[in-house]
Amino acid sequence: MSGKHPSEMEAALTEKSPSKSPNTTVLTELTRHAAMKQIVMAVVANITIISSGMGIGFPSIAMIELTNSTSSVVLSESNATWFASITSIMCPFGGLLSGYLLDKVGRKKTLYFINSISIVSWAIMSFASRTDSTALFIQLIVARIIIGIAIGLSSTPASVYAAEVAHPNLRGRLTLLTAFCTAIGMLSIYTLGYLFKSDWRFVCAICGIFTVVSLLTVLPLPESPSWLVSKKRMIKAERCLKVVRAIKEDNHPEIRAELDALEDNIARFRSSQTKKSKIDQLKKPEVYKPLAIMCTFFFFQQFTGIFVIIVYAASFSIEAGVAIDPFLSAVFVGLTRVVTTVLMSFISDKFGRRPPALFSGFGMACCMFGLALCAIYPVKGTTLGWVPTVLLVAFIFTATLGFLTLPFSMNAEVYPTKIRGFASGLTIFFGYTMSFIIIKVYPSLVETIGNANVFIMFGCLSVLGIAFVYFFLPETKGRTLEEIENRFRGTGVPGKEVEMTTILKPTKMQNVSG
(Lines give C-alpha, C1' and ligand atoms only; values in the text may rest on other atoms or scores of the structure.)
Protein backbone atom coordinates (compact mmCIF):
# COMPACT_ATOMS: atom_id res chain seq x y z
CA MET A 1 0.00 0.00 0.00
CA SER A 2 1.61 3.22 -1.14
CA GLY A 3 -0.63 5.75 0.63
CA LYS A 4 0.41 7.27 3.93
CA HIS A 5 -1.48 6.57 7.10
CA PRO A 6 -0.96 9.42 9.55
CA SER A 7 -2.77 9.38 12.87
CA GLU A 8 -6.20 10.88 12.51
CA MET A 9 -5.42 13.63 14.96
CA GLU A 10 -2.15 14.42 13.25
CA ALA A 11 -3.46 14.28 9.72
CA ALA A 12 -4.62 17.86 9.61
CA LEU A 13 -1.85 19.12 11.85
CA THR A 14 0.54 17.99 9.16
CA GLU A 15 1.38 19.69 5.88
CA LYS A 16 4.14 19.38 3.36
CA SER A 17 5.86 22.64 2.70
CA PRO A 18 7.42 23.06 -0.77
CA SER A 19 10.27 24.98 0.77
CA LYS A 20 11.15 22.11 3.10
CA SER A 21 12.87 18.85 2.47
CA PRO A 22 10.47 16.09 1.45
CA ASN A 23 11.63 14.23 4.54
CA THR A 24 10.51 16.97 6.93
CA THR A 25 7.04 17.01 8.40
CA VAL A 26 5.90 20.47 9.47
CA LEU A 27 3.36 20.45 12.29
CA THR A 28 1.05 23.40 12.73
CA GLU A 29 1.18 25.54 15.81
CA LEU A 30 -0.73 24.69 18.96
CA THR A 31 -2.37 27.52 20.87
CA ARG A 32 -2.29 27.70 24.64
CA HIS A 33 -6.07 27.42 24.85
CA ALA A 34 -6.15 24.30 22.67
CA ALA A 35 -3.30 22.74 24.66
CA MET A 36 -5.12 23.29 27.94
CA LYS A 37 -8.32 21.76 26.54
CA GLN A 38 -6.46 18.70 25.29
CA ILE A 39 -4.72 18.25 28.64
CA VAL A 40 -8.01 18.52 30.56
CA MET A 41 -9.71 16.02 28.22
CA ALA A 42 -6.88 13.52 28.63
CA VAL A 43 -6.87 13.93 32.42
CA VAL A 44 -10.65 13.46 32.69
CA ALA A 45 -10.52 10.37 30.46
CA ASN A 46 -7.80 8.91 32.66
CA ILE A 47 -9.63 9.48 35.97
CA THR A 48 -11.44 6.25 35.03
CA ILE A 49 -8.11 4.42 35.35
CA ILE A 50 -7.78 5.28 39.05
CA SER A 51 -10.49 2.76 39.96
CA SER A 52 -8.65 0.09 37.97
CA GLY A 53 -5.44 0.90 39.87
CA MET A 54 -7.38 0.43 43.09
CA GLY A 55 -8.58 -2.94 41.79
CA ILE A 56 -5.04 -4.06 40.98
CA GLY A 57 -3.72 -3.20 44.43
CA PHE A 58 -6.74 -4.35 46.45
CA PRO A 59 -5.52 -7.94 47.17
CA SER A 60 -2.45 -6.50 48.86
CA ILE A 61 -4.49 -4.77 51.57
CA ALA A 62 -7.15 -7.48 51.91
CA MET A 63 -5.11 -10.71 51.87
CA ILE A 64 -3.84 -10.55 55.44
CA GLU A 65 -7.29 -9.85 56.89
CA LEU A 66 -8.98 -12.40 54.58
CA THR A 67 -6.69 -15.18 55.77
CA ASN A 68 -6.20 -14.20 59.43
CA SER A 69 -9.33 -12.33 60.49
CA THR A 70 -10.52 -12.74 64.08
CA SER A 71 -13.80 -10.89 63.53
CA SER A 72 -15.06 -12.39 60.25
CA VAL A 73 -14.92 -15.57 58.18
CA VAL A 74 -11.67 -16.21 56.31
CA LEU A 75 -10.51 -17.81 53.06
CA SER A 76 -8.38 -20.92 52.79
CA GLU A 77 -4.86 -20.48 51.40
CA SER A 78 -5.90 -21.95 48.04
CA ASN A 79 -9.01 -19.72 47.82
CA ALA A 80 -6.89 -16.71 48.77
CA THR A 81 -4.49 -17.27 45.85
CA TRP A 82 -7.47 -17.51 43.49
CA PHE A 83 -8.80 -14.28 44.96
CA ALA A 84 -5.45 -12.59 44.23
CA SER A 85 -4.94 -13.99 40.73
CA ILE A 86 -8.44 -14.38 39.24
CA THR A 87 -8.35 -10.74 38.17
CA SER A 88 -5.40 -11.43 35.92
CA ILE A 89 -7.29 -14.26 34.21
CA MET A 90 -10.01 -11.83 33.19
CA CYS A 91 -7.76 -8.91 32.27
CA PRO A 92 -6.79 -10.49 28.92
CA PHE A 93 -10.45 -10.81 27.97
CA GLY A 94 -10.98 -7.22 29.01
CA GLY A 95 -8.10 -6.29 26.72
CA LEU A 96 -9.69 -8.04 23.75
CA LEU A 97 -13.09 -6.55 24.57
CA SER A 98 -11.41 -3.16 24.71
CA GLY A 99 -10.32 -3.43 21.09
CA TYR A 100 -13.83 -4.38 20.00
CA LEU A 101 -15.56 -1.62 21.98
CA LEU A 102 -13.08 1.05 20.90
CA ASP A 103 -13.83 0.35 17.25
CA LYS A 104 -17.54 -0.43 17.65
CA VAL A 105 -18.96 2.10 20.14
CA GLY A 106 -16.13 4.63 20.42
CA ARG A 107 -13.70 5.85 23.05
CA LYS A 108 -16.17 7.71 25.27
CA LYS A 109 -18.78 4.94 25.63
CA THR A 110 -15.99 2.46 26.39
CA LEU A 111 -15.04 4.67 29.35
CA TYR A 112 -18.71 4.67 30.43
CA PHE A 113 -18.73 0.88 30.40
CA ILE A 114 -15.50 0.58 32.43
CA ASN A 115 -16.85 2.83 35.17
CA SER A 116 -20.24 1.11 35.26
CA ILE A 117 -18.94 -2.44 35.75
CA SER A 118 -16.34 -1.20 38.26
CA ILE A 119 -19.17 0.23 40.39
CA VAL A 120 -20.87 -3.19 40.36
CA SER A 121 -17.66 -4.91 41.47
CA TRP A 122 -17.00 -2.56 44.40
CA ALA A 123 -20.65 -2.82 45.49
CA ILE A 124 -20.52 -6.63 45.62
CA MET A 125 -17.38 -6.59 47.79
CA SER A 126 -18.76 -3.83 50.03
CA PHE A 127 -21.67 -6.09 51.05
CA ALA A 128 -19.80 -9.41 51.02
CA SER A 129 -20.83 -12.02 53.60
CA ARG A 130 -19.36 -11.84 57.11
CA THR A 131 -20.68 -15.22 58.29
CA ASP A 132 -20.44 -17.74 55.42
CA SER A 133 -16.96 -18.45 54.02
CA THR A 134 -18.33 -20.16 50.90
CA ALA A 135 -20.62 -17.24 50.09
CA LEU A 136 -17.77 -14.83 50.79
CA PHE A 137 -15.46 -16.66 48.39
CA ILE A 138 -18.09 -16.74 45.61
CA GLN A 139 -18.91 -13.05 46.05
CA LEU A 140 -15.26 -12.06 46.02
CA ILE A 141 -14.49 -14.16 42.95
CA VAL A 142 -17.45 -12.71 41.02
CA ALA A 143 -16.45 -9.18 42.00
CA ARG A 144 -12.80 -9.78 41.12
CA ILE A 145 -13.77 -11.26 37.74
CA ILE A 146 -15.74 -8.11 36.98
CA ILE A 147 -12.98 -5.76 38.11
CA GLY A 148 -10.49 -7.88 36.14
CA ILE A 149 -12.45 -7.23 32.96
CA ALA A 150 -12.53 -3.53 33.87
CA ILE A 151 -8.75 -3.45 34.42
CA GLY A 152 -8.11 -5.13 31.07
CA LEU A 153 -10.54 -2.74 29.41
CA SER A 154 -8.95 0.33 30.97
CA SER A 155 -5.41 -0.36 29.78
CA THR A 156 -6.02 1.10 26.33
CA PRO A 157 -9.04 3.46 25.83
CA ALA A 158 -7.83 6.46 27.82
CA SER A 159 -4.34 6.40 26.29
CA VAL A 160 -5.76 5.94 22.77
CA TYR A 161 -8.15 8.84 23.39
CA ALA A 162 -5.28 11.01 24.64
CA ALA A 163 -3.10 10.07 21.66
CA GLU A 164 -5.88 10.97 19.22
CA VAL A 165 -6.85 14.34 20.68
CA ALA A 166 -3.33 15.51 21.60
CA HIS A 167 -0.80 17.44 19.57
CA PRO A 168 2.42 15.40 19.08
CA ASN A 169 4.28 17.76 21.42
CA LEU A 170 1.83 16.74 24.16
CA ARG A 171 1.25 13.14 23.16
CA GLY A 172 4.16 11.54 25.02
CA ARG A 173 3.17 13.02 28.38
CA LEU A 174 -0.55 12.54 27.96
CA THR A 175 -0.30 8.86 27.01
CA LEU A 176 1.66 8.36 30.25
CA LEU A 177 -1.38 9.59 32.20
CA THR A 178 -2.74 6.04 32.16
CA ALA A 179 0.31 4.80 34.07
CA PHE A 180 0.12 7.80 36.41
CA CYS A 181 -3.55 7.29 37.23
CA THR A 182 -2.98 3.56 37.75
CA ALA A 183 -0.27 4.54 40.23
CA ILE A 184 -2.60 7.01 41.95
CA GLY A 185 -5.21 4.26 42.26
CA MET A 186 -2.75 1.86 43.85
CA LEU A 187 -1.40 4.50 46.23
CA SER A 188 -4.99 5.31 47.22
CA ILE A 189 -5.88 1.69 47.95
CA TYR A 190 -2.64 1.11 49.88
CA THR A 191 -3.29 4.24 51.95
CA LEU A 192 -6.89 3.24 52.64
CA GLY A 193 -5.65 -0.22 53.61
CA TYR A 194 -3.20 1.32 56.06
CA LEU A 195 -5.91 3.51 57.58
CA PHE A 196 -8.56 0.76 57.74
CA LYS A 197 -6.50 -2.39 58.19
CA SER A 198 -9.34 -4.54 59.47
CA ASP A 199 -12.23 -3.22 57.35
CA TRP A 200 -11.61 -3.87 53.66
CA ARG A 201 -15.37 -3.75 53.01
CA PHE A 202 -15.45 -0.09 54.02
CA VAL A 203 -12.51 0.52 51.70
CA CYS A 204 -14.53 -1.05 48.87
CA ALA A 205 -17.43 1.30 49.62
CA ILE A 206 -15.12 4.32 49.35
CA CYS A 207 -13.76 3.01 46.03
CA GLY A 208 -17.30 2.53 44.72
CA ILE A 209 -18.28 6.10 45.58
CA PHE A 210 -15.17 7.41 43.83
CA THR A 211 -16.00 5.39 40.70
CA VAL A 212 -19.49 6.93 40.57
CA VAL A 213 -17.84 10.36 40.58
CA SER A 214 -15.47 9.17 37.84
CA LEU A 215 -18.41 8.13 35.66
CA LEU A 216 -20.02 11.56 36.06
CA THR A 217 -16.82 13.38 35.02
CA VAL A 218 -16.66 11.47 31.72
CA LEU A 219 -20.13 12.62 30.62
CA PRO A 220 -19.07 16.06 29.27
CA LEU A 221 -16.13 14.72 27.21
CA PRO A 222 -16.32 15.06 23.41
CA GLU A 223 -15.92 11.84 21.44
CA SER A 224 -12.70 11.34 19.49
CA PRO A 225 -13.19 13.21 16.17
CA SER A 226 -11.12 10.60 14.34
CA TRP A 227 -13.44 7.79 15.45
CA LEU A 228 -16.49 9.82 14.42
CA VAL A 229 -14.99 10.39 10.98
CA SER A 230 -14.29 6.66 10.67
CA LYS A 231 -18.02 6.10 11.31
CA LYS A 232 -18.95 8.84 8.78
CA ARG A 233 -20.63 10.98 11.45
CA MET A 234 -19.20 14.16 9.98
CA ILE A 235 -21.48 16.73 11.64
CA LYS A 236 -20.68 15.49 15.13
CA ALA A 237 -17.02 15.03 14.18
CA GLU A 238 -16.82 18.70 13.21
CA ARG A 239 -18.48 19.77 16.44
CA CYS A 240 -16.12 17.66 18.58
CA LEU A 241 -13.06 18.70 16.60
CA LYS A 242 -13.86 22.37 17.21
CA VAL A 243 -13.93 21.62 20.93
CA VAL A 244 -10.60 19.77 20.79
CA ARG A 245 -8.96 22.54 18.75
CA ALA A 246 -10.56 25.34 20.85
CA ILE A 247 -12.08 26.96 17.75
CA LYS A 248 -15.58 28.44 17.95
CA GLU A 249 -16.12 29.81 14.43
CA ASP A 250 -18.36 27.90 12.06
CA ASN A 251 -16.89 26.70 8.77
CA HIS A 252 -13.38 27.40 10.01
CA PRO A 253 -10.89 26.57 7.20
CA GLU A 254 -8.52 24.65 9.50
CA ILE A 255 -11.34 22.49 10.87
CA ARG A 256 -12.61 21.83 7.36
CA ALA A 257 -9.12 20.98 6.11
CA GLU A 258 -8.52 18.62 9.02
CA LEU A 259 -11.83 16.83 8.53
CA ASP A 260 -11.10 16.45 4.82
CA ALA A 261 -7.67 15.04 5.61
CA LEU A 262 -9.10 12.61 8.15
CA GLU A 263 -11.79 11.47 5.74
CA ASP A 264 -9.31 11.08 2.89
CA ASN A 265 -6.86 9.02 4.93
CA ILE A 266 -9.54 6.72 6.33
CA ALA A 267 -11.09 6.26 2.87
CA ARG A 268 -7.67 5.46 1.38
CA PHE A 269 -7.01 2.90 4.12
CA ARG A 270 -10.43 1.32 3.64
CA SER A 271 -10.01 1.07 -0.13
CA SER A 272 -6.82 -0.91 0.34
CA GLN A 273 -8.27 -3.10 3.11
CA THR A 274 -11.78 -3.76 1.76
CA LYS A 275 -11.58 -7.54 1.72
CA LYS A 276 -8.96 -8.06 4.40
CA SER A 277 -9.82 -9.40 7.83
CA LYS A 278 -8.07 -8.48 11.07
CA ILE A 279 -5.97 -11.65 10.72
CA ASP A 280 -4.88 -10.60 7.23
CA GLN A 281 -3.88 -7.19 8.56
CA LEU A 282 -1.78 -8.86 11.27
CA LYS A 283 0.41 -10.29 8.49
CA LYS A 284 1.59 -6.81 7.50
CA PRO A 285 5.05 -5.80 8.84
CA GLU A 286 3.71 -2.53 10.26
CA VAL A 287 1.43 -4.66 12.44
CA TYR A 288 3.20 -7.92 13.27
CA LYS A 289 6.56 -6.28 14.00
CA PRO A 290 5.28 -3.91 16.71
CA LEU A 291 2.96 -6.68 17.98
CA ALA A 292 5.90 -9.04 18.52
CA ILE A 293 7.97 -6.30 20.17
CA MET A 294 5.21 -5.15 22.49
CA CYS A 295 4.24 -8.69 23.55
CA THR A 296 7.88 -9.39 24.39
CA PHE A 297 8.09 -6.12 26.32
CA PHE A 298 5.01 -7.14 28.33
CA PHE A 299 6.56 -10.56 28.99
CA PHE A 300 9.59 -8.94 30.61
CA GLN A 301 7.33 -6.53 32.49
CA GLN A 302 5.51 -9.43 34.14
CA PHE A 303 8.32 -11.94 34.70
CA THR A 304 10.69 -9.46 36.32
CA GLY A 305 8.39 -9.41 39.35
CA ILE A 306 6.81 -5.97 39.00
CA PHE A 307 3.18 -7.04 39.27
CA VAL A 308 4.02 -9.60 41.94
CA ILE A 309 5.16 -6.75 44.18
CA ILE A 310 2.12 -4.63 43.27
CA VAL A 311 -0.41 -7.40 44.03
CA TYR A 312 1.39 -8.91 47.01
CA ALA A 313 2.93 -5.66 48.31
CA ALA A 314 2.23 -6.25 52.00
CA SER A 315 3.08 -9.97 52.10
CA PHE A 316 6.02 -9.49 49.72
CA SER A 317 7.44 -6.94 52.14
CA ILE A 318 7.38 -9.56 54.89
CA GLU A 319 9.06 -12.15 52.64
CA ALA A 320 11.71 -9.63 51.56
CA GLY A 321 12.62 -8.98 55.19
CA VAL A 322 11.28 -5.41 55.36
CA ALA A 323 11.24 -4.40 59.04
CA ILE A 324 8.43 -1.79 59.00
CA ASP A 325 4.64 -2.31 59.06
CA PRO A 326 3.81 -4.23 55.84
CA PHE A 327 0.83 -1.95 55.12
CA LEU A 328 3.05 1.11 55.48
CA SER A 329 5.58 -0.56 53.22
CA ALA A 330 2.82 -0.94 50.61
CA VAL A 331 2.09 2.80 50.93
CA PHE A 332 5.77 3.54 50.26
CA VAL A 333 5.60 1.31 47.18
CA GLY A 334 2.54 3.20 45.90
CA LEU A 335 3.97 6.63 46.69
CA THR A 336 7.23 5.79 44.95
CA ARG A 337 5.35 4.74 41.85
CA VAL A 338 3.30 7.95 41.75
CA VAL A 339 6.33 10.22 42.13
CA THR A 340 8.35 8.27 39.58
CA THR A 341 5.51 8.26 37.05
CA VAL A 342 5.42 12.06 37.22
CA LEU A 343 9.19 12.15 36.65
CA MET A 344 8.77 9.67 33.81
CA SER A 345 6.59 12.09 31.84
CA PHE A 346 9.50 14.55 31.69
CA ILE A 347 12.24 11.94 31.32
CA SER A 348 10.41 10.31 28.41
CA ASP A 349 10.06 13.64 26.59
CA LYS A 350 13.71 14.55 27.14
CA PHE A 351 15.50 11.24 26.70
CA GLY A 352 13.00 9.20 24.72
CA ARG A 353 11.88 5.64 25.46
CA ARG A 354 15.02 3.51 25.12
CA PRO A 355 17.47 5.17 27.59
CA PRO A 356 15.01 5.12 30.53
CA ALA A 357 14.10 1.50 29.69
CA LEU A 358 17.76 0.46 29.71
CA PHE A 359 18.34 2.18 33.05
CA SER A 360 15.13 0.62 34.37
CA GLY A 361 16.25 -2.93 33.56
CA PHE A 362 19.67 -2.35 35.12
CA GLY A 363 18.19 -0.91 38.32
CA MET A 364 15.63 -3.71 38.63
CA ALA A 365 18.31 -6.36 38.25
CA CYS A 366 20.52 -4.76 40.91
CA CYS A 367 17.61 -4.49 43.37
CA MET A 368 16.48 -8.09 42.89
CA PHE A 369 20.00 -9.45 43.31
CA GLY A 370 20.29 -7.29 46.43
CA LEU A 371 17.04 -8.71 47.85
CA ALA A 372 18.34 -12.21 47.11
CA LEU A 373 21.44 -11.48 49.19
CA CYS A 374 19.24 -10.18 52.01
CA ALA A 375 17.24 -13.41 51.86
CA ILE A 376 20.41 -15.53 51.98
CA TYR A 377 22.03 -13.41 54.71
CA PRO A 378 19.09 -11.99 56.75
CA VAL A 379 19.60 -8.43 57.98
CA LYS A 380 16.37 -7.97 59.93
CA GLY A 381 17.18 -6.87 63.48
CA THR A 382 20.69 -5.73 62.53
CA THR A 383 22.13 -2.31 61.74
CA LEU A 384 21.44 -3.11 58.05
CA GLY A 385 17.77 -3.81 58.63
CA TRP A 386 16.83 -0.83 56.46
CA VAL A 387 18.43 -2.31 53.32
CA PRO A 388 15.46 -4.46 52.13
CA THR A 389 13.13 -1.46 52.43
CA VAL A 390 15.46 0.68 50.33
CA LEU A 391 15.88 -2.08 47.74
CA LEU A 392 12.10 -2.59 47.49
CA VAL A 393 11.43 1.13 47.01
CA ALA A 394 14.37 1.41 44.57
CA PHE A 395 12.97 -1.50 42.56
CA ILE A 396 9.60 0.22 42.16
CA PHE A 397 11.38 3.49 41.31
CA THR A 398 13.51 1.95 38.54
CA ALA A 399 10.69 -0.28 37.27
CA THR A 400 8.38 2.73 36.90
CA LEU A 401 11.03 4.52 34.85
CA GLY A 402 10.68 1.94 32.11
CA PHE A 403 9.41 -1.61 32.30
CA LEU A 404 6.23 -0.80 34.24
CA THR A 405 5.01 2.29 32.36
CA LEU A 406 6.47 2.16 28.84
CA PRO A 407 4.69 -0.98 27.56
CA PHE A 408 1.30 0.62 28.26
CA SER A 409 2.18 4.07 26.89
CA MET A 410 3.92 2.74 23.76
CA ASN A 411 1.00 0.42 23.10
CA ALA A 412 -0.97 3.50 22.00
CA GLU A 413 1.79 4.68 19.65
CA VAL A 414 3.16 1.80 17.61
CA TYR A 415 0.12 0.42 15.72
CA PRO A 416 -1.54 1.74 12.53
CA THR A 417 -4.67 3.80 13.11
CA LYS A 418 -7.22 1.44 11.57
CA ILE A 419 -6.11 -1.60 13.56
CA ARG A 420 -4.92 0.21 16.69
CA GLY A 421 -7.86 -0.83 18.83
CA PHE A 422 -7.66 -4.51 17.88
CA ALA A 423 -3.85 -4.76 18.06
CA SER A 424 -3.69 -2.88 21.36
CA GLY A 425 -6.33 -5.18 22.82
CA LEU A 426 -4.45 -8.26 21.60
CA THR A 427 -1.27 -7.00 23.23
CA ILE A 428 -3.05 -6.34 26.53
CA PHE A 429 -4.53 -9.85 26.31
CA PHE A 430 -1.04 -11.33 26.12
CA GLY A 431 0.35 -9.06 28.84
CA TYR A 432 -2.32 -9.90 31.38
CA THR A 433 -2.15 -13.62 30.54
CA MET A 434 1.49 -13.44 31.59
CA SER A 435 0.39 -11.50 34.68
CA PHE A 436 -2.03 -14.25 35.72
CA ILE A 437 0.63 -16.93 35.32
CA ILE A 438 3.25 -15.21 37.47
CA ILE A 439 0.79 -14.01 40.15
CA LYS A 440 -0.79 -17.47 40.49
CA VAL A 441 2.50 -19.39 40.66
CA TYR A 442 4.45 -16.89 42.79
CA PRO A 443 3.37 -18.33 46.20
CA SER A 444 4.19 -21.84 44.95
CA LEU A 445 7.57 -20.67 43.63
CA VAL A 446 8.45 -19.16 47.00
CA GLU A 447 7.45 -22.37 48.75
CA THR A 448 9.28 -24.61 46.26
CA ILE A 449 12.58 -22.84 45.55
CA GLY A 450 12.68 -20.19 48.28
CA ASN A 451 12.67 -16.38 48.33
CA ALA A 452 16.31 -16.01 47.33
CA ASN A 453 16.01 -18.09 44.16
CA VAL A 454 12.80 -16.32 43.15
CA PHE A 455 14.56 -12.96 43.51
CA ILE A 456 17.53 -14.27 41.49
CA MET A 457 15.15 -15.44 38.74
CA PHE A 458 13.55 -11.97 38.58
CA GLY A 459 17.01 -10.38 38.45
CA CYS A 460 18.20 -12.61 35.59
CA LEU A 461 15.08 -11.85 33.58
CA SER A 462 15.71 -8.12 34.15
CA VAL A 463 19.16 -8.58 32.59
CA LEU A 464 17.59 -10.32 29.58
CA GLY A 465 15.12 -7.44 29.40
CA ILE A 466 18.02 -5.01 29.04
CA ALA A 467 19.26 -6.97 26.01
CA PHE A 468 15.78 -6.94 24.48
CA VAL A 469 15.46 -3.16 24.86
CA TYR A 470 18.93 -2.57 23.41
CA PHE A 471 18.45 -4.70 20.31
CA PHE A 472 14.72 -4.50 19.53
CA LEU A 473 12.77 -1.71 21.23
CA PRO A 474 12.18 1.20 18.79
CA GLU A 475 12.55 4.85 19.71
CA THR A 476 9.30 6.77 19.22
CA LYS A 477 10.28 10.12 20.74
CA GLY A 478 9.81 13.03 18.35
CA ARG A 479 8.22 10.92 15.62
CA THR A 480 4.70 11.23 14.31
CA LEU A 481 2.50 8.14 14.37
CA GLU A 482 2.83 8.06 10.58
CA GLU A 483 6.62 7.88 10.79
CA ILE A 484 6.50 5.09 13.36
CA GLU A 485 4.19 3.11 11.09
CA ASN A 486 6.37 3.69 8.04
CA ARG A 487 9.49 2.52 9.84
CA PHE A 488 7.88 -0.80 10.70
CA ARG A 489 6.64 -1.07 7.12
CA GLY A 490 10.18 -0.46 5.91
CA THR A 491 9.47 2.82 4.10
CA GLY A 492 10.78 5.12 6.82
CA VAL A 493 13.77 7.30 5.99
CA PRO A 494 16.72 6.98 8.39
CA GLY A 495 17.49 10.20 10.13
CA LYS A 496 14.12 11.67 9.29
CA GLU A 497 13.36 14.54 11.65
CA VAL A 498 10.15 16.17 12.71
CA GLU A 499 10.03 19.93 12.71
CA MET A 500 7.60 21.04 15.39
CA THR A 501 6.44 24.57 15.88
CA THR A 502 6.51 26.21 19.27
CA ILE A 503 3.85 24.95 21.61
CA LEU A 504 1.71 27.02 23.97
CA LYS A 505 2.20 30.20 21.97
CA PRO A 506 -1.08 32.13 21.93
CA THR A 507 -1.05 32.87 18.23
CA LYS A 508 -3.44 31.71 15.55
CA MET A 509 -2.83 28.27 14.05
CA GLN A 510 -1.49 28.19 10.51
CA ASN A 511 -3.95 27.23 7.83
CA VAL A 512 -3.30 23.56 7.11
CA SER A 513 -4.40 23.95 3.53
CA GLY A 514 -1.49 26.28 2.94
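In case you missed it, the structure is sitting above this.
The numbering scheme is per chain: residues are counted from 1 as the chain's sequence reads. For a predicted model such as this one, the threshold for reporting local features is a pLDDT of at least 70, and the threshold for listing and counting side-chain atom pairs is 80 or more; totals across whole chains, interfaces and linings nevertheless cover every residue. Where side-chain values are given, they derive from all heavy atoms of the structure, hydrogens and water being excluded.

A. How the structure looks around the environment of N411. In this fold, N411 is placed in the loop between α20 (406-410) and α21 (420-472). Type-normalised accessible area, obtained with a 1.4 Å probe on protein chains alone, sets the label of each residue: buried when under 20%, exposed when over 50%, and partly exposed for intermediate values. Classification of N411 by relative accessible area gives buried; the value is 2%. Not counting residues up to four positions away in its chain, the partners in contact with N411 are T156, M294, L406, S424, T427 and I428. The helix and strand labels rest on DSSP assignments: H or I over at least four residues marks a helix, E over at least two residues marks a strand, and numbering proceeds from the N terminus. Contact definition: two residues touch when any of their heavy atoms are within 4.5 Å.

B. Highlighting the side chain of S98. The residue S98 is located in helix α3 (residues 77-104) in this model. Here a polar contact is recorded for every N or O atom pair within 3.5 Å, except that within protein the pair must consist of a potential hydrogen donor and a potential acceptor, and residues adjacent in sequence are included only if both atoms are side-chain atoms. A polar contact is formed between the side chain of S98 and the backbone oxygen of L153, at a distance of 3.5 Å. Among residues more than four places away in sequence, those in contact with S98 are G152, L153, T156 and P157.

C. Quick peek at empty space enclosed by the protein. Any residue with an atom within 4 Å of a point lines the site, the site being either a cavity, points on a 1 Å grid over the protein atoms alone where a 1.4 Å probe fits but cannot get out, or a pocket, an open set with protein on both sides within 12 Å along at least 5 of 7 lines. Grid points are joined across faces, edges and corners, and a volume is the space filled by probe spheres set on the points. One pass over the full model with this rule turns up three cavities of 30 Å³ or more. Taken as a whole, the largest cavity spans an internal volume of roughly 120 Å³. What lines the largest cavity is a set of 14 residues, among which S155, T178, T182, F408 and Y432 lie closest to the centre. Contributing elements (two or more residues each) for the lining of the largest cavity: α2 (32-68), α5 (133-154) and α8 (177-195). Ranked by residue count, the leading element in the lining of the largest cavity is α2, at four residues. Gly counts as polar in this scheme, as do all residues outside two lists: the nonpolar Ala, Val, Leu, Ile, Met, Phe, Trp, Tyr, Cys and Pro, and the charged Asp, Glu, Lys and Arg. Looking at the lining of the largest cavity residue by residue, the classes come out as seven nonpolar, six polar and one charged. Taken as a whole, the second largest cavity encloses approximately 70 Å³ of empty space. For the second largest cavity, the lining is made up of 14 residues, of which I56, T87, S88, V311 and I439 are closest to its centre. Going through the elements one at a time, α2, α3, α5, α15 (306-311) and α21 are the ones with two or more residues in the lining of the second largest cavity. The biggest single contributor to the lining of the second largest cavity is α3, with four residues.

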